[in-house]
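One letter stands for each residue in the lines below.
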Amino acid sequence: MQKQQRLLKELGKISRLPPKGISLCAKDEKLNILEANILGPENNYPFSPPSIKFLTKVYHPNIDDNGRICLDLMKMPPKGSWKPTIGLEGLLIAIRMLLESPNPDDPLMTDIAEEFKSDKEEYIRKAKLFTKEHAK
Amino acid sequence: MELQILFKYPLLLPKNHNLNEFEGYINVQGGDYKIHVQRVNGQITLLHSDFDAPHWGNKYSDMVQYLDALYNDIAAKTTPTKSKNDSEHYRHVLSEYLEFREFYINVKECRLSPDLTAITMKIADEGGRVQSLKISVNTNFNIIEHSLPDKKELLTSYTSLTALYEKFLQAIEELQPYFYIMESLDTAWVLDPEVPTPKDNYRRIAIDHNVSLIVTVNPWMCNDIPQLQFMGPERLVDDYHFRISSNLSNWDLQGNIIDELVKLLEMETFPVKQVEADETALYNTGDCCICFSLRLNGNLPEINCKNPSCEQFFHTDCLYQWLVSVGTKTKRCFNEVNGECPNCEKHISCPIP
């Protein structure tokens, strides 16, 4: 009894005033099964950095197999240094600079970072090979 | 005998020459009641009514007696309604309106709504400005909307349309100096309001690279010195404040407001509007450097970084949202938050919107 009464109240309130990105509805008469939908948070640009990833495979200490980029500017403070004044242009320039000069001290790919530090010639050879193969 | 009916119940009309059938209204205590009666074979029958009429059967054979009885019955059941007599009311509204239309030729546009409950008009004043007016009509005439700056006295109720119009004209007359002042201010580079209306009694005008001045004029006392408020970097604003305090005594109440302001602020002229914004820049001086625009939900950037080498502008909403999203570096203190300027990273504070 309490269950029904209370659930009806809760369902009523949530359908009248649904919290942002949340919906809830009953799937059966006895209110034994409820279905909720939660929308993931939207990117809140420019208050948070945009998500950027490479579509082209890159052999680079700071770029992983899925194209994710490890860049200070693309993380929120205090860990990162994103600021709303940077903008897309600034970010893309920074990413181009990262391609030019990798940062092996904050690596995403430890093997490649190790190689970059110990055997730079081998690293450059492999990077060139990757570029020839993927960056067309 | 039947003539008596016409005298007593003028809204009842005979349906034929025999005068044994009548249709129309009987007026009881200010209310109109629709009936349709017939006398057949010396008996009165009520064929139709728009109210709950008593059933008397064959009690009456005389039309006048029947109507009198009906009248008394309705009168006993109802209470007198005050001025329920609509026709008189409409006659009054129409005569006021027609009289008004005849005598006031400087009215540009005047319309009476088909149900006689509202009048809208447009009036050109001596400066060629068009003022508009909306009047609701019930027992009196009431101004419910107008284009002038708000004034409580204007919204009172008038028994005559002419009196109302005279009062409105008087207000327009009284406001002429105010309109001239605002038009004079509009020759400067106005940042806000975007499209001024006669109700807007302030102008935010650009006076320097990144300083603007909000001039607020009291429409009904516009010969006073207007209220002045600066927006911009503190060091520049302080300088302007200093100039005001030393020059205020030279303000000429008869002079042109722009000339007086130029004199007051020790400027040569006011900057003219930059017609073309710099297309290569994402945002211009004075724009918010978070949302890259001047206007956000109608608001202008109110916050200016106090660091002299930064002096960037922010909308309160934008800066607040940024400071809250960085969280850790932001501290709340009473009704403001303190954090780092997103441009120069020096301390900045922001009121909680």
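These numbers come from a predicted model, not from an experiment. (Residues numbered from 1 in each chain as written. Chains lettered and ligands numbered in written order. Predicted model: local features only at pLDDT ≥ 70, side-chain atom pairs only at ≥ 80, totals over all residues. Heavy atoms only, no water.)

Peer 1: So what's going on with the overall build of chain B? Residues and values would help.
Peer 2: A tally of regular secondary structure across chain B gives seven helices and 18 strands. Among the 353 residues that make up chain B, the fraction classed as buried is 42%. Considering only contacts in chain B between residues 6 or more positions apart, those separated by 24 or more positions represent 37%. (Helix = DSSP H or I, 4+ residues; strand = E, 2+ residues; numbered from the N terminus. Buried < 20%, exposed > 50% of the residue type's maximum accessible area, 1.4 Å probe, protein only. Contact = heavy atoms within 4.5 Å.)

Peer 1: Before we move on, could you go through the pattern of salt bridges and cite the residues and values that matter?
Peer 2: Under the criterion given, the structure shown has 25 salt bridges over all chains. Here B:D125 makes a salt bridge to B:R129, at a shortest N to O gap of 3.1 Å. Judged by its relative accessible area of 9%, B:D125 is buried. Close ionic contact of B:E153 with B:K151 constitutes a salt bridge, the shortest N to O distance being 3.9 Å. Accessibility expressed as a relative area gives 49% for B:E153, which makes it partly exposed. When salt bridges that share partners are traced, they join A:E115, A:E122, A:R125 and A:K126 into one network. (Salt bridge = Lys/Arg side-chain N within 4 Å of Asp/Glu carboxyl O.)

Peer 1: Would you mind going over the sheet that holds strand β3 (residues 31-40) of chain B in detail, with residue names and values included?
Peer 2: Residues and elements named next belong to chain B. If you walk across this open sheet you meet the four strands as β1-β2-β3-β4, and the pairing is antiparallel. If you trace the sheet from one side to the other, it starts and ends with β1 (12-14) and β4 (43-49), each paired once. Ignoring which end each strand starts from, the neighbouring axes of this sheet average 30° apart. In terms of strand pairing, β3 meets β4 through six bridges, oriented antiparallel. Residue pairing in the sheet places V40 in a bridge with Q43 of β4. Strands β1, β2 (21-28), β3 and β4 of the sheet are contacted by helix α2 (residues 63-77), whose axis makes an angle of about 35° with β2. (Pairing = 2+ DSSP bridges. Axes fitted to C-alpha atoms, helices over the stretch in contact; angles between N-to-C directions.)

Peer 1: Mind laying out the packing of aromatic side chains, listing which residues take part and the relevant values?
Peer 2: The description of an aromatic ring pair uses the distance of the two centres, along with the angle that the planes make with each other. Residue and element names in this part refer to chain A. This model, assessed by the stated rule, comprises 12 aromatic pairs over all chains. Considering the side-chain rings of Y59 and F130, the 5.3 Å spacing of their centres and the 45° angle between planes classify their relative orientation as tilted. Of this pair, Y59 sits in the loop between β2 (34-38) and α2 (87-100) while F130 sits in helix α4 (residues 120-134); the two residues are 71 residues apart in sequence, bridging distant segments of the chain. Overall, F130 belongs to the partly exposed group, its relative accessible area being 28%. (Phe/Tyr/Trp six-rings, centres within 6.5 Å; stacked < 30°, edge-to-face > 60°.)

Peer 1: Tell me about the packing of helix α4 (residues 161-185) of chain B against helix α6 (residues 257-264) of chain B, residues and numbers included.
Peer 2: How two helices sit against one another is set out by the angle between their axes and by the gap between those axes. All names here are of chain B. Orientation of α4 relative to α6, taken along the N-to-C sense of each, is 55°, at an axis distance of 8 Å. Classed by the angle they form, the pair α4 and α6 counts as oblique. Residues I181, S184 and L185 of α4 form the contact with α6, whose participating residues are I257, I258 and L261. Taken together, the residues of the contact of α4 with α6 break down into five nonpolar, one polar and no charged. (Parallel < 35°, antiparallel > 145°, perpendicular 65-115°, else oblique. Nonpolar A, V, L, I, M, F, W, Y, C, P; charged D, E, K, R; others polar.)

Peer 1: Describe unusual backbone geometry, listing the residues and the values that go with them.
Peer 2: Cis geometry is found at the peptide bond from A:Y45 to A:P46, where omega equals 0°. Position of A:P46 relative to the elements: it lies in the loop between β2 and α2. Across the junction of B:D192 and B:P193, the peptide omega takes the value 0°, indicating a cis bond. The topology assignment puts B:P193 in the loop between β10 (190-192) and β11 (202-206). Located in the positive-phi region is B:E266, a residue other than glycine, with phi close to 55°. Structurally, B:E266 can be placed in the loop between α6 and β14 (303-304).

Peer 1: Go over the interface of chain B and chain A, please, and point to the residues and values.
Peer 2: Reports of interface size often rely on the accessible area that becomes lost once the parts have come together. In this complex, chain B contributes 12 residues to the contact, which on the side of chain A involves 10 residues. Between chain B and chain A, roughly 1100 Å² of surface is buried when both sides are summed, and carbon and sulfur atoms account for 67% of that area. Linking chain B with chain A are one salt bridge. Here A:K83 and B:E345 are joined by a salt bridge, their closest N and O atoms 3.4 Å apart. (Buried area = accessible area lost by both parts, 1.4 Å probe.)

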